Amino acid sequence: MVRLVGSIGAGGVLYLTPLVFHRADFSASNVTLGVALAAVTGTIGRFVSGALLDRGCRCSLPVLLAVACAVAGDLQLGLADTMAAYGRGQLLVGLAMGLYWPAIELAVALTAGSVGSPRGYALARTADAVGIAAGALLGALLAALGPIRAVYAVDLGCLVLMAWLLLRAPFPAAARPWATKIQHQPLALGLWLRPLLPILLVSLVATAVPALMQSALPLDLVRGSLQRPPMNEALGALLVGSQLVLLLLIQWPVGRWLADRPVQVGLRLSLLCFSGGALLLGCSGFSAVAGPALVWLAQLPLAIGLAAFLPTATEAVVELSPPARQGLAMALFSQCFALSAFVAPLVAGRLLDAQGHGAGVWFSLAAATALSLGLVRWIERLQHRRLLAVLTGSGAGAQDEQDQQASTPEVLYRFGPSDGEA
């Protein structure tokens, strides 16, 4: 419920803020610079949230702090008419998102119970998709009617409801049976960070896709491309909303299907879909007749890619991280969103202003996602090695038994039949 309500407000803010300030005559570089500024404070928020979680705080505490920051950010953005005011609002919104994501992601694993975390993440992402689609479509309606800045008022109402839900039924804290061991002998950084590197690298590339959907795509649509004519703001907002509706329709079936399969299946599927969708967007700029149709067609593989990546990548982080460091692992994972949200919109804005079209942005994205398929094979080899070490008892020989126990994830591999058989 918290994710559903929060996503309704965030859907309008995240996807329509570029159109709000495009209407206010901000340049593409200034609009995307604001998105990048949000990523900077998001970095701080993520690690604060992760540290609070690993110290045993309830998952609801960072989310409540995020609500407070988001309220301040919405008030600032709703009234902003200068770059300075816009930047302050984006800094606050970025801090809110940074505090929110590690805690809300870990809360799924802690509350999934007998459902299991793979299905739990699929269900949580479905709630995200429902909320974001509803918020973006409401924003598209506001854009068509005129008062597009009312998206910030909608978000404020959702934030108040989120705070009420959290105070009424707080999220739990992670159980900490390892706390005494870690207090006397800290878990070495290399023991838990090294296995996470491939999924973090994949995430850096893949999370550029939603960042560009929020920033570069709306601008590319309303400005037009090489041959593709510009779309009016209402139609551009409707197209963005249509992708979210499509994501809503397929998120649960795709996530549920992938929940019974190794994470590598979902990661490969998502990267292939991202690459195909970006190619279609790039090619759309070369035709005035077929261009708009290619833009609409690209929404299908992009939506499938998002439906496959979001729950699968989160589950991969849970599988590859030790219980003692799951808060910081989630912080690092969500930091990939922040880094992509900082670099991708900034580079895309420069390219849009310099080239006058988005073809370079989309072809670069297609190449990067295709090349990342090699990292998925790395994850697969790592999973097999760790499983073999546990089954044969060969993983415990070196240093210290406590380090070995503390650095072992609770879930090592997902074969598909059942948790008990695995």
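Worth saying up front: this structure is predicted, and the values here are computed from it rather than measured. (Residues numbered from 1 in each chain as written. Predicted model: local features only at pLDDT ≥ 70, side-chain atom pairs only at ≥ 80, totals over all residues. Heavy atoms only, no water.)

Peer 1: Could you clarify how one ought to interpret the side chain of Ser-334 in this entry?
Peer 2: Secondary-structure assignment places Ser-334 in helix 15 (residues 326-355). In contact with Ser-334, not counting residues within four places along its chain, are Arg-46, Trp-101 and Pro-102. (Helix = DSSP H or I, 4+ residues; strand = E, 2+ residues; numbered from the N terminus. Contact = heavy atoms within 4.5 Å.)

Peer 1: What exactly am I supposed to notice about the environment of Pro-195 here?
Peer 2: For Pro-195, the position within the fold is in the loop between helix 8 (189-193) and helix 9 (197-206). For Pro-195 and Val-317, which are 122 residues apart along the polypeptide, the C-alpha to C-alpha distance reads 9.5 Å.

Peer 1: Can you help me understand the pattern of salt bridges in this one?
Peer 2: Opposite charge on two side chains allows them to pair when their charged atoms are near. Following the criterion strictly, the structure yields nine salt bridges and no others. Notably, a salt bridge pairs Asp-260 with Arg-119, separated by 2.8 Å at the nearest N-O pair. You can see Asp-260 sitting in the loop between helix 12 (233-259) and helix 13 (263-284) and its partner Arg-119 sitting in helix 5 (residues 117-145), a full 141 residues away along the chain. Look at Asp-260 and you get partly exposed, because its relative accessible area is 24%. Given the relative accessible area of 29%, Arg-119 is considered partly exposed. A salt bridge links Glu-380 to Arg-268; its shortest N-O distance comes to 2.9 Å. Residue Glu-380 is found in helix 17 (residues 373-392), and its partner Arg-268 is found in helix 13; the two are separated by 112 residues along the sequence. Classification of Glu-380 by relative accessible area gives buried; the value is 17%. A single salt-bridge network, built from bridges that share partners, covers Arg-3, Glu-105, Arg-125 and Asp-128. (Salt bridge = Lys/Arg side-chain N within 4 Å of Asp/Glu carboxyl O. Buried < 20%, exposed > 50% of the residue type's maximum accessible area, 1.4 Å probe, protein only.)

Peer 1: Would you explain the confidence of the model for the protein chain in this entry?
Peer 2: For residues with low pLDDT, the predicted coordinates do not support detailed interpretation. Residues at a pLDDT of 70 or more form 86% of the protein chain, whose mean pLDDT is 81. Every residue in residues 395-408 scores below 50 in pLDDT, and together they form 22 contacts with partners more than four places removed in sequence or on other chains. Scored below 50 in pLDDT, residues 411-422 makes 26 contacts in the model with residues more than four places away or belonging to other chains. (pLDDT = per-residue confidence, 0-100.)

Peer 1: Would you take a moment to explain the nonpolar core for this structure?
Peer 2: Most often, soluble globular proteins have nonpolar side chains that are buried together. Counting 108 residues, the largest nonpolar core has Phe-21, Ile-199, Leu-212, Met-213 and Trp-362 as the members making the most contacts within it. The residues touching Phe-21, leaving out its near neighbours within four places in the chain, are Phe-26, Val-31, Leu-77, Ala-80, Tyr-86, Arg-149 and Tyr-152. (Core = buried A, V, L, I, M, F, W, Y, C linked by side-chain atoms within 4.5 Å.)

Peer 1: How do you make sense of the packing of helix 3 (residues 60-79) against helix 6 (residues 150-168) when you look at a structure like this?
Peer 2: The interhelical angle for the contact between helix 3 and helix 6, taken along N-to-C directions, is 160°, at an axis separation of 10 Å. One element, helix 3, and the other, helix 6, form an angle in the roughly antiparallel class. As helix 3 runs across helix 6, the sense of the crossing is left-handed. Across the interface between the two elements, Ser-60, Val-63, Leu-64, Val-67, Ala-70, Val-71, Asp-74, Leu-75, Leu-77 and Gly-78 from helix 3 touch Tyr-152, Asp-155, Leu-156, Leu-159, Met-162, Ala-163, Leu-166 and Leu-167 from helix 6. (Axes fitted to C-alpha atoms, helices over the stretch in contact; angles between N-to-C directions. Parallel < 35°, antiparallel > 145°, perpendicular 65-115°, else oblique. Left-handed = near helix turned anticlockwise from the far one by under 90°.)

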